[in-house]
Amino acid sequence: MNQRDIGLLVILVIGALVVATILTVVFVRYYVQRYKKEQAEKADDLIQSASEKAKTIEIEARDKALRVMQDSEQEITRRRQDILREDDRQQKRRAELDHRIERIELREQNLNKRQSALDKRANDIEKLYTDQLDELQRIGQMSIEEAKQVLLAEAEKEARNDMARIIRQIEAEARSEGDKRAREIITDAIQRVASEHVVSVSTSLVTLPNEEMKGRIVGRNGRNIRAFEQAAGVDVIVDDTPEAVTISCFDPVRREIARRSLDRLILDGRIHPAHIEKILNEEEREVEKAIVEAGEQAAFDAGVAGIHPEVLKMLGRLKFRTSYGQNQLAHAVEVAKLSAVLAAELGAEVEVARAGGLLHDLGKAMDHNTEGTHAQLGSDFARRYGVNSRVVNAMASHHHEVEQESIEAVIVEAADAISGARPGARREDLEQYIKRLRALEEIANSFKGVQQSYAIQAGREVRIIVQPEEIDDLASTRLARDIAKKVEETMQYPGQIKVTVIRETRAVEFAK
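Read on for an overview of the structure.

The rules we used
- Residues numbered from 1 in each chain as written.
- Predicted model: local features only at pLDDT ≥ 70, side-chain atom pairs only at ≥ 80, totals over all residues.
- Heavy atoms only, no water.
- Pairing = 2+ DSSP bridges.
- Helix = DSSP H or I, 4+ residues; strand = E, 2+ residues; numbered from the N terminus.
- Buried < 20%, exposed > 50% of the residue type's maximum accessible area, 1.4 Å probe, protein only.
- Polar contact = N/O pair within 3.5 Å; in protein donor to acceptor, adjacent residues only side chain to side chain.
- Contact = heavy atoms within 4.5 Å.
- Salt bridge = Lys/Arg side-chain N within 4 Å of Asp/Glu carboxyl O.
- Core = buried A, V, L, I, M, F, W, Y, C linked by side-chain atoms within 4.5 Å.
- Axes fitted to C-alpha atoms, helices over the stretch in contact; angles between N-to-C directions.
- Expected span 1.5 Å × (residues − 1).
- Parallel < 35°, antiparallel > 145°, perpendicular 65-115°, else oblique.
- Left-handed = near helix turned anticlockwise from the far one by under 90°.
- Nonpolar A, V, L, I, M, F, W, Y, C, P; charged D, E, K, R; others polar.
- Phe/Tyr/Trp six-rings, centres within 6.5 Å; stacked < 30°, edge-to-face > 60°.

1. Quick word on the pairing of strand 7 (residues 461–466)
Two strands pair when backbone bridges link them, and strand 6 (residues 450–456) and strand 7 are joined in this way by six bridges, in the antiparallel orientation. Within strand 7, the residue paired with I456 across the bridge is E461. Across five bridges, strand 7 lies against strand 8 (residues 498–502) in parallel orientation. Following the sheet pairing, I465 is matched in strand 8 by I502.

Below, the structure is given as structure tokens:
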């Protein structure tokens, strides 16, 4: 072989090697990629299988957790029911025990009373025996005239005691029968005249659409709020209350005008001094119109006709006035209806009683800016506009500031007390409540012979314990009457106050 063939052979060998290498590389890459693909597919299958198993395990775990939760809730419900049943049983046992204790205490009190009565009777017998001995010894030394005088004095004393006892018995019977009849009439009147309880306060809350409105109400450097307060005559309180401001004023009509005006200003959005004054003037006219309509509607609801328009207008102002939380216009209509029912039951003039009940608190519409009591102011105002003189007297005398001249005046006073004393009709704050209780006890303690006094039943009753050596049984009756009279003269209160005088004498000895 020549050199040329050798070169060709070498080239061929090299080319074969290159081709083999290339094929090897291609096959290797092909198999590597195929292997990777197979591994990836296996990995995906494993991941999918693991995911499905995880989902299955999660579902099973949730089912188990739900079953456990349901079982626990059922167990809790069962135990709670057991606890409630046990609590009911304990409460019933406690109530039974309390009832037994009360009966035992009552029995003990009765026994103590019987023992006290027996001891008192024994002491009286012993004292009577001693007095009789002394009297016999003294009579033995008397003349006929002296003996006659002694006998007459004893007879007079005994007659006075018998007379006092008979008077007390008659008074008790009359009071019992009168209370029974009065309860029947009052109950019938209340059942026939049912009205809702309307509660109001001395401030009005105005809701705002957002907190930014507070800034617009105040205005730049407080210009808007000052203009509003000066024009309306109220105080506008802008505090931390969310989306609300408070309007405060002692005059309920001005407060209502301010509230309605502020609502309109907030709805309109134009809040500046000129527009504020315009809105206030418009709302003032609207409120005046509403006052007239309220007075006319109240007269219509109460069934009273022929009232002067100025009196109706003043009556309508009571729509915005409250006393102990009770709306005065609703109270006036209710008193008118109650007065009519009571007058019909007692045979009095229904129309006079009805008108007196409707107008009895007319002065409360003007007593905030005029000197004088509301009974005096209202009666003077009604008299100027030609109201019946008997109605005027019922208005002026319903708090005993003047003498009552007719049965209709007494009926109006009773209907006023019924309307104000019904449960929930009126409310008073804690300070006034405590003052009233303290005043009751001070009045009772001011009388001679009073040892202690307690105001109970939310001020509806005062119990007085007297010193038995200073106050006897007859004096106890007089003391109760005097205390009740002083309470009527010096205090203002809805309904009535029961005065109970307790006199107790105890004799204690020790057996040694």
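2. A closer look at the side chain of S339
Within the element layout of this structure, S339 appears in helix 8 (residues 328–346). The class of S339 is buried, set by a relative accessible area of 0%. A polar contact is formed between the side chain of S339 and the backbone oxygen of V335, at a distance of 2.7 Å. Not counting the four nearest positions on each side in its chain, S339 is found in contact with A353, R354, G357, I411, V412 and A415.

3. Thoughts on the pattern of salt bridges
Using the criterion set out here, one finds 21 salt bridges in the structure. Across the pair R270 and D268 runs a salt bridge whose closest N-O atoms are separated by 2.7 Å. You can call D268 partly exposed: its relative accessible area is 38%. Between E408 and R390 there is a salt bridge whose closest N-O contact spans 2.8 Å. Taken together, the residues E408 in helix 12 (residues 407–421) and R390 in helix 11 (residues 389–397) connect sequence positions 18 residues apart. Looking at R390, the relative accessible area reads 30%, which means it is partly exposed.

4. Things to note about the nonpolar core
Membership of the largest hydrophobic core comes to 29 residues, with the highest contact counts inside it found for L315, L358 and L359. Those elements giving two or more residues to this core turn out to be helix 6 (273–302), helix 7 (309–316), helix 8, helix 9 (350–359), helix 10 (374–384) and helix 11. In contact with L358, other than residues within four places in its own chain, are A298, A299, A302, V304, I307, L315, A332, V333 and A336. Counting residues in each nonpolar core, the second largest holds 25 residues, with A232, V245, I257 and V287 among its members.

5. What about the sheet that holds strand 7?
Reading across the sheet, the three strands line up as 6-7-8 and stay open at both edges, with mixed pairing between neighbours. Across the chains shown, the open sheet's two edge strands, defined by having one partner strand only, are strand 6 and strand 8. On average, adjacent strands in this sheet sit at an angle of 20° to one another, irrespective of strand direction. Together, strand 6, strand 7 and strand 8 form the strand contacts of helix 14 (residues 473–490), whose direction differs from that of strand 8 by roughly 150°.

6. Considering helix 5 (residues 252–268)
The first and last C-alpha atoms of helix 5 sit 24 Å apart over 17 residues, in line with the 24 Å expected at 1.5 Å per residue. Those residues of helix 5 not exposed but buried are P252, V253, R255, E256, I257, A258, S261, L262, L265 and I266.

7. Points about the packing of helix 8 against helix 9
Helix packing for two helices is described by the angle between their axes and how far apart those axes are. Viewed as axis vectors pointing N to C, helix 8 and helix 9 meet at an angle of 155°, and their least axial separation amounts to 7 Å. In this view, helix 8 runs roughly antiparallel relative to helix 9, as classed from their interaxial angle. Between helix 8 and helix 9 the crossing geometry is right-handed. Seen from helix 8, the contacting residues are A332, V333, V335, A336, S339, A340, A343 and A344; seen from helix 9, they are V350, A353, R354, G357 and L358. When the residues that make up the contact of helix 8 with helix 9 are grouped by side-chain class, the tally is ten nonpolar, two polar and one charged.

8. With respect to the packing of aromatic side chains
This structure, assessed with the given rule, holds two aromatic pairs. Where Y30 meets Y31, the ring centres are 5.5 Å apart and the plane angle is 70°; that geometry is what we call edge-to-face. Seen from their ring centres, F381 and Y385 are 5.0 Å apart, and the 50° between their planes marks the pair as tilted. On the basis of relative accessible area, F381 is assigned to the buried category, the value being 8%.

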